[in-house]
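One letter stands for each residue in the lines below.
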Amino acid sequence: MNDLFSKYKTSSNGLTESEAKKRQNKYGLNEINESKPTPYYLLFLSQFVDVLLFLLFIAAIAAYAIGDVIDAGVILLAILLNAIMGFIQEYRSQKAVESLKDLIVKKAIVKRENQIKEIDAKYLTTGDIVILEEGDKVPADLVLIDTNSLTCDESHLTGESESVRKNENDEIYMDSGVLSGKGVGIVTKIGMETEIGEIASIIQEDSDETPLEKRVGTLGKSLSAIAIIVCIVIFIMELLQGTELVETFMTAVSLAVAAIPEGLPAVLTLTLAIGMQEMSKSNAIVKRLLSVETLGSCTIICSDKTGTLTENKMTVVESFFTNEEKTHLIGSLCNNAVINDSQIIGDQTDGAILKFSRPPKENLERVNEIPLDSNRKMMTTTYRLNSGNNIILSKGAPEIILGKCKYIDNDGSIEIINQEIEETLIKKISEMAENALRVIGFAYKIEDDADPEEDLIFTGLMGLIDPPKESAKKAVQDCINAGIQVKMITGDHEKTAYAIAKELGILTNGEVITGTEFNELSDEEYLKRVNNIQVYARVKPIQKMRIVETLKNQGHIVAMTGDGINDAPALKKASIGVAMGDGTDVAKESADMILQDNNFKTIVKAVEEGRKIYDNIKRFVKFQVSTNVGAILTIIGASLLSLPLPFNPVQLLWLNIVMDGPPAQTLGIEGAEKDIMKRPPETGDILTKETMLKIFLTGLVMAIGTVAMFFWQINIGTPTKKAMTIAFTLFVMYQLFNAYNGKSNSEKSHKYLYMGIILSFALQLLIIYLPQLQTIFRTTSIGLLDWVMIIIVAFTIIISDKIMSKVIK
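Please read all numbers here as calculations on a predicted model, not as lab measurements. (Residues numbered from 1 in each chain as written. Predicted model: local features only at pLDDT ≥ 70, side-chain atom pairs only at ≥ 80, totals over all residues. Heavy atoms only, no water.)

A. Quick look at the overall build of the protein. Helices and strands together make up the secondary structure of the protein, namely 31 helices and 25 strands. At a minimum sequence separation of 6, the contacts of the protein that also span at least 24 residues come to 72%. Only carbon and sulfur atoms are counted for the fraction: they give 55% of the accessible area of the protein, which is about 35900 Å². (Helix = DSSP H or I, 4+ residues; strand = E, 2+ residues; numbered from the N terminus. Contact = heavy atoms within 4.5 Å. Areas by Shrake-Rupley, 256 points an atom, 1.4 Å probe, with all protein chains shown as cover.)

Encoded structure:
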């Protein structure tokens, strides 16, 4: 103790007021600082500082300038939705820090100048002596110098619900709750230096971009740049061919509007929002829109054991009795847990034993208790029997209990424990422990003058475990089939973690490592082993940060689960942080997704939904970009053949509205592919080289067909307006057949896609045959033979897609 007083430059009388003031000036107040929050209006406006959004804004102005108010409005709505989503995410980060500030204890009982006094906790400083009693919240990080049966709740930091017994020289952390007993401690850290303060520093850091944000950003910028360059080229080509300047400019601007993927944010938002809604039905609440898809790209899930993979209910699964009746009596009475409406109040192990044990036939009065502590590793109670004698009941670590026993009770026959009996009992304890059971020994004696915990009579053993959830084994196998690694991270014992991981199929041919061994690994050594480690046991939540960062540096997309305050940094650093529904507010604020049912199966469902969404995003992007490419190649082809442009500016905008409308929107909500959870995660670009080749060839087929049809119609003397109407309608039909190409192979109905295609077709009929719309779009009626030719030529897009699917893998 004197060493501690010396280390923190204090004494048993506490600090003087002048010394406390001096240290406050030097070290600051015991407060959680937060970086000055950005005003909400600036936070919102900053969301518009983006190249793609700027291009979309220019496209909206261009659309409005040529009279297309609807398209301009749709683009502006997409920009606004994007800004709102970004604002919500950054606002949530600020709220996470505010949640930590709310944890700061307001008052503290200290000893200063040899007097006990209550002070505002923010004025605590290093070296202060703090007095803790049952019901208190710890006001700073302390090292204990005196304890009396002190237990505390550290679940806000560790996520583990069991109480923690504290002894002299142990550390106790800010905001831990004192459950029982008393203690005195010296303040070692305050404010931002505490465990909670360090967490606050980390969660105030900016979040990394999600994989989808990176992909969409790259895609949008690339497509926009290509579209602008092509539009400039077409403008120059048309001008050189003698087309009127105004008409050329209108065509170039219209093509720019059609080519820039302004529909991408709108359909992306819709697709992700529907995904969020679907996931909420499965007890997964997604807080960050883009995180829906991130799960689909996930390559590693780092899961907690307790409550996520297991039931979080300690259960007696094996027993060994030499006297069953006596063991049940000890289990019921040497116990401080209470069962209320099937809920265990108190220690979970005690509660499991209480549930398993038969209650005594008569009420006995407890006259004494020696509580469990980490040195003795046993608990003892004394009860008065109706005969007037006192009976001593003990339970605890089996090797300790056996060492305290002189006798064994074989169903009423009391025998001395000889070497043979002792070896048999030790063998049984080892067998149960090797099965990852938490083994508890039971013993008793009638009170005598000797030490109450000596010369006891052995009665039996109970083996407890937190059993795996029935759904977890299948969910883990689903992950493995989907190419996703599952790593278990737990604060539990190595043997328990090994057994549960083995049973669930997480541990195959990989390693199990403890937190102590993990700390001893250098970064270089850990990098060599990180991919082979499948189970982390006895790991502290703060160590999760190192695991996440290392795996991400290896190129993995990592999902991490957690529920305590100490989990918040890892949840924030992970590609997607998953908080438990019964976790702390800080963990929930820092996470991207909350599991309402704390079930690993729900994470796997969310992965499947994320993959479906990513597939649908690719479907939509491929569809829209092929439309853009087709339109650009058609106009280039017509210009190279010195033909009039097959589409006028209004028709180009109509193509844009129709193709960004029902077909694209419905492709965004297609069902899941049949093999969705039987293939590796996709971590590459949305548009791979193979996809880009397919898009170009699809656009080329459309362009060749449209230009050829237009060329033929002009050459056989068809009036230009009718030839343009046929070419325009053919291009629309190409898109509708191409939308059909994009459907998934899901067993679910494609009714929404079919409805979208039918709606678009109906709208096309209206602008061809309705006189008022004919004037606006400069179209004319076409005959049945024209329709037959259009359908036959447009159908080639389905044939070409089938061929490309066989040839291009």
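B. Up close: the environment of Gly-177. The topology assignment puts Gly-177 in strand β7 (residues 177-189). Of the residues examined, Gly-177 reaches a relative accessible area of 13% and is grouped as buried. Taking C-alpha positions, Gly-177 is 4.7 Å from Lys-137, a pair spaced 40 residues apart along the chain. (Buried < 20%, exposed > 50% of the residue type's maximum accessible area, 1.4 Å probe, protein only.)

C. Spotlight on the pattern of salt bridges. Enumeration according to the criterion identifies 24 salt bridges in this entry. Here Arg-679 and Asp-615 are joined by a salt bridge, their closest N and O atoms 2.7 Å apart. Of the two residues, Arg-679 is situated in the loop between α25 (662-667) and α26 (689-715) and Asp-615 in helix α23 (residues 600-640); the sequence distance between them amounts to 64 residues. Taking the relative accessible area as the measure of exposure, Arg-679 reaches 16% and is therefore buried. When its relative accessible area of 7% is taken as the criterion, Asp-615 is described as buried. Linking Arg-619 and Glu-673 is a salt bridge whose minimum nitrogen-to-oxygen distance equals 2.9 Å. With Arg-619 in helix α23 and Glu-673 in the loop between α25 and α26, the pair connects residues that are 54 residues apart, well separated along the chain. Glu-673 matches Arg-619 in its accessibility class, with the two residues each being buried. Connected through salt bridges with shared partners, the residues Asp-615, Lys-618, Asp-675, Arg-679 and Glu-682 form a single ionic network. (Salt bridge = Lys/Arg side-chain N within 4 Å of Asp/Glu carboxyl O.)

D. View of the packing of aromatic side chains. One pass over the full model with this rule turns up seven aromatic pairs. Their ring planes at 70 degrees and their centres at 5.6 Å tell us that Phe-761 and Trp-787 sit as a pair that is edge-to-face. With a gap of 26 residues between them, Phe-761 in helix α28 (residues 751-769) and Trp-787 in helix α30 (residues 784-794) connect regions that are remote in the sequence. You can call Phe-761 partly exposed: its relative accessible area is 30%. Looking at Trp-787, the relative accessible area reads 12%, which means it is buried. Among the aromatic residues, those joined into a cluster by ring pairs are Phe-518, Tyr-526 and Tyr-536. (Phe/Tyr/Trp six-rings, centres within 6.5 Å; stacked < 30°, edge-to-face > 60°.)

E. Broad picture of unusual backbone geometry. Not every positive phi belongs to a glycine, and Ser-149 is a case in point at roughly 50 degrees. Here Ser-149 lies in strand β4 (residues 141-153). Given a relative accessible area of 33%, Ser-149 falls into the partly exposed group. Notably, Ser-642 is not glycine yet its phi reads approximately 55 degrees, a positive angle. Mapping Ser-642 onto the fold places it in the loop between α23 and α24 (649-660).

F. Highlighting helix α12 (residues 324-333). Taken across its 10 residues, α12 has seven buried, putting it largely inside the fold. Where α12 is concerned, the buried positions are Thr-327, His-328, Leu-329, Ile-330, Gly-331, Ser-332 and Leu-333. A side-chain oxygen of the first residue of α12 lies 3.2 Å from the backbone nitrogen of Glu-325; this N-cap is Asn-323. (Polar contact = N/O pair within 3.5 Å; in protein donor to acceptor, adjacent residues only side chain to side chain.)

G. Quick look at a nonpolar patch on the surface. Residues Tyr-41, Leu-42, Leu-45, Phe-48, Leu-77, Leu-80 and Ile-84 make up a contiguous nonpolar surface patch of roughly 630 Å² in combined accessible area. If you trace the backbone, Leu-45 turns up in helix α3 (residues 40-45). A relative accessible area of 48% places Leu-45 in the partly exposed class. (Patch = residues over 30% accessible without salt bridge, like charges linked within 9 Å, V, L, I, M, F, W, Y side chains within 5 Å.)

H. Structural context of the packing of α30 against helix α31 (residues 796-807). For the pair α30 and α31, the least separation of the axes is 4 Å and the interaxial angle reads 10 degrees. Relative to α31, the element α30 lies roughly parallel. Along the contact surface, α30 presents Ile-792, Val-793 and Ala-794, while α31 presents Thr-796, Ile-797 and Ile-798. (Axes fitted to C-alpha atoms, helices over the stretch in contact; angles between N-to-C directions. Parallel < 35°, antiparallel > 145°, perpendicular 65-115°, else oblique.)

I. Representation of the sheet that holds strand β24 (residues 576-580). Spatial strand order, β8-β25-β24-β23-β9-β20-β22-β21: eight strands in an open sheet with mixed pairing. Edge strands, defined here as strands with exactly one partner in the open sheet, are β8 (284-286) and β21 (511-514). Direction aside, neighbouring strands of the sheet carry axes that sit 20 degrees apart on average. Its contacts with the sheet place helix α17 (residues 494-504) against β20 (485-489), β21 and β22 (533-537), and it is angled at close to 140 degrees to β22. Contacting β9 (300-304), β20, β22 and β23 (558-562), helix α20 (residues 544-553) runs over the sheet at an angle of about 170 degrees to β23. (Pairing = 2+ DSSP bridges.)

Don't take any of this as a statement about function, it's just geometry.
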